[in-house]
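Report on the structure
Take a look at the letters that make up each chain.
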Amino acid sequence: MLIKAAKKGKKHPKRTPSAAYFARVEAPMNGISVKMNKNLRICELKWESRFTDRFLGDPEKEIFSRQVRNVLYSNVLPTGVSAPQLIGWSDDLAATLGVLRPQEDVASIEILSGNRVHPEMKPYSSRYGGHQFGQWAGQLGDGRAITLGEIISPHFKRWELQLKGAGATPYSRRADGRAVLRSSLREFLCSEAMHFLNVPTTRALSLVVTGDLVVRDLFYDGNPRPEPGAIVCRVSPSFLRFGHFEILANQGEEVLLKDLAQFLVEFLNENQLASFELSDPDVYGKLLDEICRSTAVLVAHWMRVGFVHGVMNTDNMSVLGLTIDYGPYGWLEPYDPDWTPNTTDSQARRYRFGNQPGVAQWNLMRLCEAFFPLIRDEQRLYQSLKIYEDTFQQTHMEMMSQKLGLCSLEQKYLDELFQLLRMAETDYTLFFRALSDWKMDSTHFEKWIEWISPAFYKPESVGHDLRMRWAAWAKEYSQMLRFQGVPDLDRSLRIKAVNPKYVLRNYLAQNAIQQAENGDLSGIERLLRVLKTPYEDLPSESDLAEKRPDWARNAPGCSALSCSS
Ligand code: AMP
Ligand code: MG
């Protein structure tokens, strides 16, 4: 189907690029000349692109939905919007990138909204495929993401900046290339929240409302309605996914497959994310090992903080082991391994909380298959998959031990805890945080229930047998703590360092969305500020660390989310 071509030639300034890409001020200090970095306006940045320098793009320059072959990307200009307004900004990421908040800086906001393209940029959308809900889905690609290029931060780190929701691309299929405010706000807030929880993730620099309406059928019930459109500028060292490799293997484009693997090897080396020997005949096996390892660590973190991605399709899996593509994700409130926030998946529950480690492994199998033409040794692929299994097991157990303030842990003891948490409908975040206050010499195990009951959603339904099981568990817990001999205060600090007080509870995000849709940005600002220090006790913000209120139990946007975005 022919999709409306992006408006071309839109505000392409013909001015010369600013020379101040990486402004350095020579400042004498103790007689030594040091180089100080000055933060730059977005419109002053110098843009590079290793990806487009290295690979040839799609020869077809018109923007219409199509199957693209033998290339990794298509050049695409963002489609302009009517009245861009900056409503979200990550000061922390801006400082990392060395860029200034575009307060009254119209030129920079125009770049973040896709209305302006710097002459050095070579914007593109990339081609990838993927397995969705267990089935090969063919070509997917950046249907609404456009990479502007790369910038080099003051720490000489290379970052890719990408606009999500900036208009149609050759990969948009039947959709419009746009994004609505509610889903963009969720991506913006959660990317930053995950970063501060120490969970590997892509980041979000800005959130712009476009001034244009986008029509979406929120509940997929035949009631489409116009909603405010928005664009997130997301940032990552790379947005390469499993699906970038899968599409090449699926289409038999083996030369390109090898080139892309080579590119990734060099990229990881250059960014000091790995150190591969380029001449190693097993270099692609080692690359797979690294992807398996980083994916295992990622999923262990999700299980640690109670994050449910919701759409772990292989096109949503980063080869850097980052959380990517925030859609109908959710935060576990009552502990329930079968819970998924994604209404599209409510029957099969493929992407439920407890299934995430298994799904990641299944996804890695698909990636291993894609790598087969480069390795041609099934046993070697199994070796990589074993790395996933071992790393996940080890990291998960380490993290769960840390959550409990223990040095080590037996699986059966953990299994019993998970059963108890589930049976007593216990808030995952509140329970683990509360452990920081438990005294190891406490012998009043009958008091345990009273003590943890603030974390129960239905304390009145925790019957006698369950109380007894909890008491037995707590007794063993206290014995383990005593055996370890770590003073209460030290243990308390350690527990607090890995068990967040503040997470982006589903209803909190939903409240901020409703406020923003009514023009009140205070909710976004508050959440951004508080989620920056999720492990701190902030007495004035304690209402954000409370159990999900009853009204949110089944409210749309709070416990159940569709893929509509
Ligand atoms: P997701 O479920 O968000 O991972 O998206 C799956 C695929 O659909 C990706 O190729 C997306 O780029 C594409 N897609 C999702 N929403 C849109 C949209 N509004 N316009 C164009 N492509 C989209
Ligand atoms: Mg996606």
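The next thing to look at is the overall build of the protein. Along the protein, the regular secondary structure elements total 16 helices and 13 strands. In summary, the protein has a C-alpha radius of gyration of 24 Å against a globular reference of 24 Å for 565 residues, a match within 12%. In terms of overall dimensions, the protein has C-alpha extents of about 75 × 70 × 55 Å along its principal axes. Taken over 565 residues, the protein has a buried fraction of 59%. For the protein, restricting intrachain contacts to residue pairs at least 6 apart in sequence, the fraction spanning at least 24 positions comes to 72%. Put simply, the protein shows about 23400 Å² of open surface, and 53% of that area lies on carbon and sulfur atoms.

Before going further, it helps to examine the pattern of salt bridges. Counted by the stated rule, this structure contains 43 salt bridges. The residue K458 makes a salt bridge to E425 at a minimum N-O spacing of 3.5 Å. Taken together, the positions of K458 in the loop between α12 (445-452) and α13 (464-484) and E425 in the loop between α10 (411-423) and α11 (428-434) put the pair 33 residues apart, joining distant regions of the chain. Taking relative accessible area as the criterion, K458 reaches 35% and is therefore assigned partly exposed. With a shortest N-O distance of 2.7 Å, R526 and D543 are connected by a salt bridge. Placement of R526 in helix α16 (residues 522-530) and of D543 in the segment after α16 is noted, with a sequence separation of 17 residues between them. Beyond isolated ion pairs, a larger network of salt bridges with shared partners links K164, E187, R234, R241 and D325.

Another aspect to go through is the site of ligand 1. Neighbouring residues of ligand 1: 17 residues in total, closest G141, G143, R173, G177 and N316. The contact in question runs from an oxygen atom of ligand 1 to an N or O atom on the side chain of R173, over 2.7 Å. In this structure, G177 approaches ligand 1 through a main-chain N or O atom, which is 2.8 Å from a nitrogen atom. Burial of ligand 1 by the protein amounts to 82% of the accessible area it has alone, namely 470 Å².

What counts, and where the lines are drawn
Residues numbered from 1 in each chain as written. Chains lettered and ligands numbered in written order. Predicted model: local features only at pLDDT ≥ 70, side-chain atom pairs only at ≥ 80, totals over all residues. Heavy atoms only, no water. Helix = DSSP H or I, 4+ residues; strand = E, 2+ residues; numbered from the N terminus. Rg over C-alpha atoms; globule rule 2.2 N^0.38 Å. Buried < 20%, exposed > 50% of the residue type's maximum accessible area, 1.4 Å probe, protein only. Contact = heavy atoms within 4.5 Å. Areas by Shrake-Rupley, 256 points an atom, 1.4 Å probe, with all protein chains shown as cover. Salt bridge = Lys/Arg side-chain N within 4 Å of Asp/Glu carboxyl O. Near = heavy atom within 4 Å. Polar contact = N/O pair within 3.5 Å; in protein donor to acceptor, adjacent residues only side chain to side chain.

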